[in-house]
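Here is what each chain is made of, one letter per residue.
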Amino acid sequence: MHTDKKNSEHWIWQTALLLSAGLFFLVPAFAAAATLSLVPSNSTVLVGSTVTVSAFVNSGGVAINSAEGNLSFPRNLFDVVSINTDASLFTLWIAAPAYDGNSTISWNGGLPSPGYQGSNGKLFSVILRAKTSGSATLSLVNGAVRANDGLGTDVLGGVSGATIIVTQASVVPPSTSPPATSAMVKITSPTHPDSSKAYRAETAKFDFDIPRGVDQIR
């Protein structure tokens, strides 16, 4: 009886270990390697001009089927002109990229199985117009990238934002020089008629006509 009990306990432990191992292989294990980024990461624009910033996803070697997050920017430096998803890898939007009227653009989108696996998946683009000079940091916050594993596993491992320098256009001062002209001015002298000769007179008189369209002569 003692031996039978011992064998029974041993069989139960073996069965439990096998079940645990089976469950381990059934549940996929993903390293949090996906990234969200803004492109270009650095740029310089003039006040009054526009800049296009795009959000991209790198799946990190894992097939993904959705991503979400917020793009924040300084409202005092930029206005949102438009948001475009025409070239997006996502075909389904729980919440298409939208501006909240303050300083945030939010999105939540995806695509059917088998999902997306790659390093340069475009999500959306936003055109911003610079309002005043300064240094702007654009950030991706509250993000998630979910694996195409049927469980919605978040595999986001990192984000990278962008820095935009807004500068004033340089002002060129008006020229103080008289306008140049290619018109020829004919000069004559009743006191010194021949320019190749020397004259004893200490004073000279010169006559010239101002060409049509000339305002100043120096």
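Just above sits the structure.
Throughout this document, residue positions are counted from 1 along each chain, in the order its sequence is written. Predicted model: local features are reported for residues with pLDDT of at least 70 only, side-chain atom pairs are reported and counted for 80 or more only, and whole-chain, interface and lining totals are derived from all residues. Processing note: side-chain calculations cover all non-hydrogen atoms of the structure and skip hydrogens and water entirely.

Now for the nonpolar core. Working definition of a nonpolar core: buried Ala, Val, Leu, Ile, Met, Phe, Trp, Tyr and Cys residues. They are joined through side-chain atoms within 4.5 Å. Each residue gets one of three labels from its accessible area relative to the maximum for its type: buried under 20%, exposed over 50%, partly exposed in between, using a 1.4 Å probe on protein chains only. Core analysis: the largest hydrophobic core is formed by 36 residues, its most contacted members being Leu 71, Phe 78, Leu 123, Leu 138, Val 145 and Ile 164. Strands are runs of DSSP state E lasting at least 2 residues, helices are runs of H or I lasting at least 4, and numbering of each runs from the N terminus. At the level of elements, strand S1 (34-39), strand S3 (50-58), strand S4 (64-72), strand S7 (104-110), strand S8 (121-130), strand S9 (134-147) and strand S11 (162-167) are the ones that each hand at least two residues to this core. When residues no more than four places from it in sequence are discounted, the contact partners of Leu 71 are Leu 38, Ser 103, Thr 104, Ile 105, Trp 107, Phe 124, Val 126, Leu 138, Ser 139 and Leu 140. In this analysis, two residues are considered to be in contact whenever any of their non-hydrogen atoms come within 4.5 Å of each other.

Pairs of strands are assigned from DSSP output, requiring at least two bridges between the strands. Taken in spatial order, the five strands line up as S5-S8-S3-S1-S10 in an open sheet, and their pairing is mixed. Pairing within the sheet leaves two strands with one partner each, and these edge strands are strand S5 (78-84) and strand S10 (156-160). Taken pair by pair, the neighbouring strands of this sheet meet at an average axis angle of 20 degrees, ignoring direction. By the bridge criterion, five bridges tie S1 to S3 in an arrangement that is antiparallel. Following the sheet pairing, Val 39 is matched in S3 by Ser 54. Simply put, an axis is a line fit to the C-alpha atoms, just over the touching stretch for a helix, and the angle between two N-to-C directions goes from 0 to 180 degrees.

All right, on to unusual backbone geometry then. At the junction of Val 39 and Pro 40, the peptide bond is cis and its omega measures out at 0 degrees in the coordinates. Structurally, Pro 40 can be placed in the loop between S1 and strand S2 (42-46). You will see that Asn 142, though not glycine, has its phi angle at about 55 degrees, which is positive. Inspection of the secondary structure assignment puts Asn 142 in strand S9. Look at Asn 142 and you get exposed, because its relative accessible area is 60%.

The next thing to look at is the packing of aromatic side chains. Note on ring pairs: Phe, Tyr and Trp rings are taken, using the six-membered ring of Trp, and paired if centres are within 6.5 Å. Classes follow the plane angle, with under 30 degrees stacked, over 60 edge-to-face and the rest tilted. Under the criterion given, the structure shown has three aromatic pairs. Both rings, one in Phe 73 and one in Tyr 99, keep their centres 5.7 Å apart while their planes meet at 35 degrees; by these two values the pair is tilted. You can see Phe 73 sitting in the loop between S4 and S5 and its partner Tyr 99 sitting in strand S6 (residues 92-99), a full 26 residues away along the chain. By relative accessible area, which is 4% here, Phe 73 ends up buried. Aromatic pair Trp 107 and Phe 124: ring centres 5.1 Å apart, planes at 55 degrees, arrangement tilted.

Think of a salt bridge as a Lys or Arg side-chain nitrogen and an Asp or Glu carboxyl oxygen that are within 4 Å of each other. In this structure the tally under the stated criterion is three salt bridges. For the salt bridge of Asp 79 with Arg 75, the shortest nitrogen-to-oxygen distance reads 2.6 Å. Owing to a relative accessible area of 27%, Asp 79 belongs among the partly exposed residues under this scheme. A relative accessible area of 31% places Arg 75 in the partly exposed class.

A few words now on the sheet that holds S9. Taken in spatial order, the six strands of this open sheet run S2-S11-S9-S4-S7-S6, and their pairing is mixed. The two strands at the open ends of the sheet, each matched to only one other strand, are S2 and S6. Within this sheet the neighbouring strands show an average axis-to-axis angle of 15 degrees, counted without direction. Pairing between S9 and S11: five bridges, direction antiparallel. In the strand pairing of S11, Gly 134 is matched with Val 166.

Turning our eyes to something else, we now look at the side chain of Ser 43. Along the chain, Ser 43 falls in strand S2. Residues in contact with Ser 43, not counting those within four places in the same chain, are Val 51, Thr 163, Ile 164 and Ile 165.

This part takes up the pairing of S7. Counting buried positions along S7 yields six of seven residues, so the element is predominantly enclosed. Bridge count for S6 against S7 is five bridges, and the pairing is antiparallel. Along S7, the bridge assignment pairs Ala 95 with Asn 108. Between S6 and the antiparallel strand that follows it, S7, lie four residues; Gly 101 among them carries a positive phi value of about 85 degrees.

Everything listed here is a matter of coordinates, which is why it stays silent on function.
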